[in-house]
Amino acid sequence: MTPLTQPAYWSRILVAAVDQAAARLLSTWPGASMAGPQDVRRKADGTLVSAADTDAEQLLVKAITHLDPTGVIVTEEDPATHQANTNHRVLTWYIDPLDGTRQYLDGSTDFAVLVSAWRGQVPEFSVASFPAAGVLAVADRDQATFRAVPQPPDHRPVHACYFEPAALRERLPAGNPLLVDAFESTRALTEVARGTAAGAVAEMCGHRAWDIAALCHLLTATGRHITDEHGRPVRFDGPDVTARCLVAADTRDLHSLLLTTLEPTP
(Lines give C-alpha, C1' and ligand atoms only; values in the text may rest on other atoms or scores of the structure.)
Protein backbone atom coordinates (compact mmCIF):
# COMPACT_ATOMS: atom_id res chain seq x y z
CA MET A 1 0.00 0.00 0.00
CA THR A 2 1.41 3.39 -1.01
CA PRO A 3 0.26 7.01 -0.77
CA LEU A 4 -0.44 6.85 -4.49
CA THR A 5 -3.11 4.14 -4.12
CA GLN A 6 -4.71 4.89 -0.76
CA PRO A 7 -3.91 8.48 0.22
CA ALA A 8 -6.82 8.95 2.66
CA TYR A 9 -6.08 5.74 4.55
CA TRP A 10 -2.35 6.41 4.53
CA SER A 11 -2.83 9.91 5.90
CA ARG A 12 -5.27 8.78 8.58
CA ILE A 13 -2.93 6.10 9.92
CA LEU A 14 0.13 8.32 9.98
CA VAL A 15 -1.62 11.28 11.57
CA ALA A 16 -3.01 8.91 14.20
CA ALA A 17 0.53 7.62 14.88
CA VAL A 18 1.83 11.18 15.24
CA ASP A 19 -1.04 11.96 17.62
CA GLN A 20 -0.12 8.88 19.67
CA ALA A 21 3.50 9.97 19.81
CA ALA A 22 2.39 13.47 20.82
CA ALA A 23 0.22 12.07 23.62
CA ARG A 24 3.18 10.04 24.88
CA LEU A 25 5.32 13.18 25.01
CA LEU A 26 2.64 15.17 26.80
CA SER A 27 2.27 12.47 29.43
CA THR A 28 5.66 13.40 30.90
CA TRP A 29 6.03 16.99 29.64
CA PRO A 30 7.03 19.14 32.64
CA GLY A 31 4.74 21.93 31.46
CA ALA A 32 1.65 19.90 32.32
CA SER A 33 2.53 16.56 33.91
CA MET A 34 3.43 15.88 37.50
CA ALA A 35 5.22 12.71 36.40
CA GLY A 36 8.05 14.49 34.64
CA PRO A 37 10.36 13.04 31.97
CA GLN A 38 11.98 9.68 32.70
CA ASP A 39 15.35 8.15 31.86
CA VAL A 40 16.93 11.41 30.70
CA ARG A 41 20.47 10.83 29.47
CA ARG A 42 23.09 12.27 27.15
CA LYS A 43 23.77 10.74 23.77
CA ALA A 44 27.23 10.34 22.27
CA ASP A 45 26.94 13.77 20.61
CA GLY A 46 26.16 15.43 23.95
CA THR A 47 22.48 16.12 23.25
CA LEU A 48 19.75 14.94 25.61
CA VAL A 49 17.27 12.12 25.10
CA SER A 50 14.51 10.77 27.32
CA ALA A 51 12.32 7.69 27.43
CA ALA A 52 9.57 9.77 25.81
CA ASP A 53 11.78 10.28 22.71
CA THR A 54 12.36 6.58 22.21
CA ASP A 55 8.76 5.60 22.97
CA ALA A 56 7.48 8.14 20.44
CA GLU A 57 10.01 6.91 17.90
CA GLN A 58 8.86 3.30 18.29
CA LEU A 59 5.24 4.29 17.66
CA LEU A 60 6.16 6.15 14.47
CA VAL A 61 8.52 3.50 13.11
CA LYS A 62 5.91 0.77 13.68
CA ALA A 63 3.24 2.69 11.75
CA ILE A 64 5.55 3.59 8.87
CA THR A 65 6.95 0.07 8.56
CA HIS A 66 3.39 -1.29 8.35
CA LEU A 67 2.31 1.14 5.64
CA ASP A 68 5.54 1.28 3.64
CA PRO A 69 7.62 -1.87 4.27
CA THR A 70 10.02 -1.06 1.41
CA GLY A 71 10.72 2.48 2.58
CA VAL A 72 14.03 3.67 4.03
CA ILE A 73 13.74 5.05 7.56
CA VAL A 74 16.20 7.65 8.88
CA THR A 75 15.39 8.54 12.47
CA GLU A 76 17.30 10.76 14.87
CA GLU A 77 17.36 8.39 17.81
CA ASP A 78 18.66 5.33 15.94
CA PRO A 79 22.23 5.94 14.71
CA ALA A 80 22.13 2.68 12.74
CA THR A 81 19.67 4.32 10.32
CA HIS A 82 21.96 7.28 9.65
CA GLN A 83 23.97 5.22 7.16
CA ALA A 84 20.92 4.16 5.15
CA ASN A 85 21.16 4.39 1.38
CA THR A 86 18.61 6.80 -0.07
CA ASN A 87 17.48 6.53 -3.68
CA HIS A 88 14.72 7.69 -6.04
CA ARG A 89 12.93 4.34 -6.25
CA VAL A 90 11.60 4.16 -2.70
CA LEU A 91 10.50 6.66 -0.09
CA THR A 92 12.97 7.89 2.49
CA TRP A 93 11.35 8.70 5.82
CA TYR A 94 12.93 11.34 8.06
CA ILE A 95 11.69 11.09 11.64
CA ASP A 96 12.31 13.33 14.63
CA PRO A 97 10.15 11.93 17.44
CA LEU A 98 10.96 14.89 19.70
CA ASP A 99 12.33 17.99 18.04
CA GLY A 100 13.39 20.42 20.75
CA THR A 101 14.28 18.04 23.58
CA ARG A 102 15.83 20.83 25.63
CA GLN A 103 12.67 22.93 25.35
CA TYR A 104 10.55 19.91 26.21
CA LEU A 105 12.57 19.18 29.34
CA ASP A 106 12.35 22.85 30.35
CA GLY A 107 8.55 22.81 30.14
CA SER A 108 8.42 25.05 27.05
CA THR A 109 5.69 24.53 24.43
CA ASP A 110 8.30 24.82 21.66
CA PHE A 111 8.75 21.12 20.84
CA ALA A 112 7.46 19.03 17.96
CA VAL A 113 6.98 15.62 16.37
CA LEU A 114 8.20 15.62 12.76
CA VAL A 115 7.72 12.99 10.04
CA SER A 116 8.52 13.48 6.36
CA ALA A 117 8.64 11.15 3.35
CA TRP A 118 10.68 12.04 0.25
CA ARG A 119 11.32 10.27 -3.03
CA GLY A 120 14.71 11.60 -4.00
CA GLN A 121 14.35 15.40 -3.85
CA VAL A 122 10.55 15.35 -4.12
CA PRO A 123 8.46 15.45 -0.92
CA GLU A 124 5.38 13.24 -0.79
CA PHE A 125 3.98 13.30 2.75
CA SER A 126 4.86 15.20 5.93
CA VAL A 127 3.40 15.83 9.38
CA ALA A 128 4.50 18.46 11.89
CA SER A 129 2.84 18.39 15.31
CA PHE A 130 3.40 20.83 18.19
CA PRO A 131 1.51 18.95 20.92
CA ALA A 132 1.62 21.55 23.69
CA ALA A 133 0.65 24.38 21.32
CA GLY A 134 -2.20 22.43 19.69
CA VAL A 135 -0.74 22.84 16.20
CA LEU A 136 -0.77 20.07 13.60
CA ALA A 137 0.10 20.50 9.92
CA VAL A 138 -0.05 17.88 7.16
CA ALA A 139 1.42 18.16 3.67
CA ASP A 140 0.38 15.63 1.01
CA ARG A 141 2.39 16.35 -2.14
CA ASP A 142 1.36 19.90 -3.13
CA GLN A 143 -1.53 20.27 -0.67
CA ALA A 144 -1.38 21.24 2.99
CA THR A 145 -3.97 21.18 5.77
CA PHE A 146 -3.87 22.52 9.31
CA ARG A 147 -5.69 21.56 12.45
CA ALA A 148 -7.28 24.69 13.95
CA VAL A 149 -6.58 27.15 11.12
CA PRO A 150 -5.34 30.41 12.69
CA GLN A 151 -6.50 33.94 11.98
CA PRO A 152 -3.51 35.81 10.48
CA PRO A 153 -2.52 38.83 12.60
CA ASP A 154 -2.64 42.34 11.18
CA HIS A 155 1.14 42.65 11.38
CA ARG A 156 2.81 39.40 10.46
CA PRO A 157 6.35 39.14 11.80
CA VAL A 158 9.57 37.94 10.28
CA HIS A 159 11.46 35.57 12.58
CA ALA A 160 15.23 35.51 12.96
CA CYS A 161 16.29 32.32 14.70
CA TYR A 162 19.65 31.99 16.49
CA PHE A 163 21.08 35.17 14.91
CA GLU A 164 20.06 38.59 13.56
CA PRO A 165 21.28 39.51 10.08
CA ALA A 166 22.77 42.99 9.89
CA ALA A 167 20.34 45.73 8.82
CA LEU A 168 17.42 43.30 8.54
CA ARG A 169 15.28 45.18 11.04
CA GLU A 170 15.65 48.48 9.17
CA ARG A 171 14.98 46.95 5.75
CA LEU A 172 11.78 45.07 6.52
CA PRO A 173 8.53 46.46 5.07
CA ALA A 174 6.15 48.31 7.35
CA GLY A 175 3.83 45.82 8.99
CA ASN A 176 6.47 43.08 9.29
CA PRO A 177 8.12 43.46 12.70
CA LEU A 178 11.27 41.46 13.36
CA LEU A 179 11.15 38.88 16.15
CA VAL A 180 14.54 37.51 17.14
CA ASP A 181 14.51 34.03 18.72
CA ALA A 182 10.82 34.38 19.64
CA PHE A 183 10.43 30.75 18.53
CA GLU A 184 12.77 27.91 17.74
CA SER A 185 13.31 27.59 13.98
CA THR A 186 10.96 24.60 13.69
CA ARG A 187 8.04 26.60 15.04
CA ALA A 188 9.01 29.80 13.19
CA LEU A 189 9.10 28.04 9.80
CA THR A 190 5.76 26.37 10.54
CA GLU A 191 4.25 29.78 11.31
CA VAL A 192 5.32 30.97 7.85
CA ALA A 193 3.55 27.96 6.33
CA ARG A 194 0.45 28.65 8.45
CA GLY A 195 0.34 32.28 7.37
CA THR A 196 0.84 33.78 10.83
CA ALA A 197 4.39 34.91 9.98
CA ALA A 198 5.59 36.55 6.78
CA GLY A 199 9.07 35.07 6.74
CA ALA A 200 11.95 33.56 8.66
CA VAL A 201 15.71 33.27 8.53
CA ALA A 202 17.36 30.57 10.60
CA GLU A 203 20.90 29.36 11.04
CA MET A 204 21.12 25.59 10.77
CA CYS A 205 23.02 25.26 14.07
CA GLY A 206 23.64 21.55 13.58
CA HIS A 207 20.17 20.75 12.28
CA ARG A 208 19.90 17.68 10.11
CA ALA A 209 17.36 16.33 7.64
CA TRP A 210 14.91 15.07 10.26
CA ASP A 211 14.77 18.58 11.76
CA ILE A 212 13.76 20.42 8.58
CA ALA A 213 12.42 18.03 5.90
CA ALA A 214 8.79 18.27 7.05
CA LEU A 215 8.99 22.06 7.28
CA CYS A 216 10.45 22.44 3.79
CA HIS A 217 7.58 20.33 2.46
CA LEU A 218 4.94 22.34 4.36
CA LEU A 219 6.32 25.58 3.00
CA THR A 220 6.37 24.48 -0.63
CA ALA A 221 2.94 22.82 -0.32
CA THR A 222 1.47 26.14 0.85
CA GLY A 223 3.09 28.09 -1.98
CA ARG A 224 5.75 29.72 0.21
CA HIS A 225 9.41 30.02 -0.72
CA ILE A 226 12.14 28.12 1.12
CA THR A 227 15.81 27.95 0.11
CA ASP A 228 19.29 27.90 1.51
CA GLU A 229 21.32 31.10 1.93
CA HIS A 230 22.20 31.10 -1.79
CA GLY A 231 18.59 30.90 -2.94
CA ARG A 232 18.94 27.24 -3.91
CA PRO A 233 16.52 24.43 -3.01
CA VAL A 234 17.44 22.53 0.15
CA ARG A 235 18.64 19.04 -0.79
CA PHE A 236 18.03 15.85 1.15
CA ASP A 237 20.42 12.99 0.41
CA GLY A 238 20.50 11.46 3.87
CA PRO A 239 20.87 12.94 7.36
CA ASP A 240 23.35 15.69 6.51
CA VAL A 241 22.27 19.00 4.95
CA THR A 242 24.82 21.39 3.50
CA ALA A 243 22.80 24.61 3.94
CA ARG A 244 24.21 27.18 6.37
CA CYS A 245 20.90 29.03 6.70
CA LEU A 246 17.26 28.53 5.79
CA VAL A 247 15.33 31.42 4.26
CA ALA A 248 11.53 31.28 4.06
CA ALA A 249 8.95 33.85 2.99
CA ASP A 250 5.42 34.09 1.68
CA THR A 251 6.35 36.29 -1.31
CA ARG A 252 9.24 36.32 -3.76
CA ASP A 253 9.99 39.95 -2.97
CA LEU A 254 10.35 39.32 0.76
CA HIS A 255 12.35 36.17 0.11
CA SER A 256 14.76 38.14 -2.09
CA LEU A 257 15.08 40.84 0.55
CA LEU A 258 15.88 38.28 3.25
CA LEU A 259 18.53 36.70 1.04
CA THR A 260 20.27 40.02 0.48
CA THR A 261 20.62 40.60 4.23
CA LEU A 262 22.66 37.43 4.73
CA GLU A 263 26.40 37.69 4.70
CA PRO A 264 28.02 35.80 1.84
CA THR A 265 29.47 32.44 2.71
CA PRO A 266 33.29 32.64 2.90
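First, a word on what this report is: a plain description of the structure on this page. Please read these numbers as outputs of a predicted model, since none were measured by experiment.

Quick word on the nonpolar core
For step 1, the next point in the chain: Tyr-94, Leu-189, Phe-236, Val-241 and Leu-246 are the most contacted members of the largest nonpolar core, which totals 39 residues.
For step 2, the next point in the chain: Where this core is concerned, the elements lending two or more residues are strand S3 (72–75), strand S5 (112–119), strand S6 (122–130), strand S7 (135–140), helix H5 (185–194), strand S11 (199–203), helix H6 (209–221) and strand S13 (245–249).
For step 3, the next point in the chain: Per-element tally for this core: the top contributor is H6, with 10 residues.
For step 4, the next point in the chain: Setting aside its immediate chain neighbours within four residues, Leu-189 contacts Ala-200, Leu-215, Leu-219, Ile-226, Leu-246 and Ala-248.
For step 5, the next point in the chain: Listed in part, the 29 residues of the second largest apolar core include Val-18, Leu-67, Tyr-104 and Phe-125.

Some thoughts on the packing of aromatic side chains
For step 1, the next point in the chain: Under the definition given, this model contains 4 aromatic pairs.
For step 2, the next point in the chain: Between the aromatic rings of Tyr-94 and Phe-236, the centroid separation amounts to 6.0 Å while the plane-to-plane angle is 45°, which identifies the pairing as tilted. One end of the pair, Tyr-94, is in strand S4 (residues 92–99); the other, Phe-236, is in the loop between strand S12 (225–228) and S13, with 142 residues separating them in the sequence.
For step 3, the next point in the chain: A relative accessible area of 2% means that Phe-236 is categorised as buried.
For step 4, the next point in the chain: Aromatic pair Trp-118 and Phe-236: ring centres 4.6 Å apart, planes at 55°, arrangement tilted. Of this pair, Trp-118 sits in strand S5 while Phe-236 sits in the loop between S12 and S13; the two residues are 118 residues apart in sequence, bridging distant segments of the chain. For the residue pair Trp-118 and Phe-236, the accessibility class agrees, reading buried in each case.
For step 5, the next point in the chain: Through pairs of rings, three or more aromatic residues link up here, namely Trp-29, Tyr-104 and Phe-111.
For step 6, the next point in the chain: The ring of Phe-183 is capped by Arg-187, whose NZ or CZ atom sits 4.5 Å from the centre of that ring.

Notes on the sheet that holds S11
For step 1, the next point in the chain: Strands sit in the order S10-S9-S11-S13-S12 across an open sheet of 5 strands; the sheet is mixed. The sheet terminates laterally at strand S10 (178–180) and S12, the two strands that pair on one side only. Within this sheet the neighbouring strands show an average axis-to-axis angle of 10°, counted without direction.
For step 2, the next point in the chain: Summarising the sheet, strand S9 (residues 158–161) and S10 pair through 3 bridges and their orientation is parallel. Within S10, the position partnered with Val-158 by the bridge is Leu-178.
For step 3, the next point in the chain: Packing of helix H7 (residues 252–260) onto the sheet brings it into contact with S9, S11, S12 and S13, and relative to S13 it is tilted by some 155°.

Thoughts on the environment of Ala-200
For step 1, the next point in the chain: On the secondary structure map, Ala-200 appears in strand S11.
For step 2, the next point in the chain: Measuring from C-alpha to C-alpha, the distance between Ala-200 and Pro-157 comes to 8.5 Å, with 43 residues separating the pair along the chain.

Cut-off values and rules
- Residues numbered from 1 in each chain as written.
- Predicted model: local features only at pLDDT ≥ 70, side-chain atom pairs only at ≥ 80, totals over all residues.
- Heavy atoms only, no water.
- Core = buried A, V, L, I, M, F, W, Y, C linked by side-chain atoms within 4.5 Å.
- Buried < 20%, exposed > 50% of the residue type's maximum accessible area, 1.4 Å probe, protein only.
- Helix = DSSP H or I, 4+ residues; strand = E, 2+ residues; numbered from the N terminus.
- Contact = heavy atoms within 4.5 Å.
- Phe/Tyr/Trp six-rings, centres within 6.5 Å; stacked < 30°, edge-to-face > 60°.
- Lys NZ or Arg CZ within 6 Å of the ring centre and 35° of its normal.
- Pairing = 2+ DSSP bridges.
- Axes fitted to C-alpha atoms, helices over the stretch in contact; angles between N-to-C directions.

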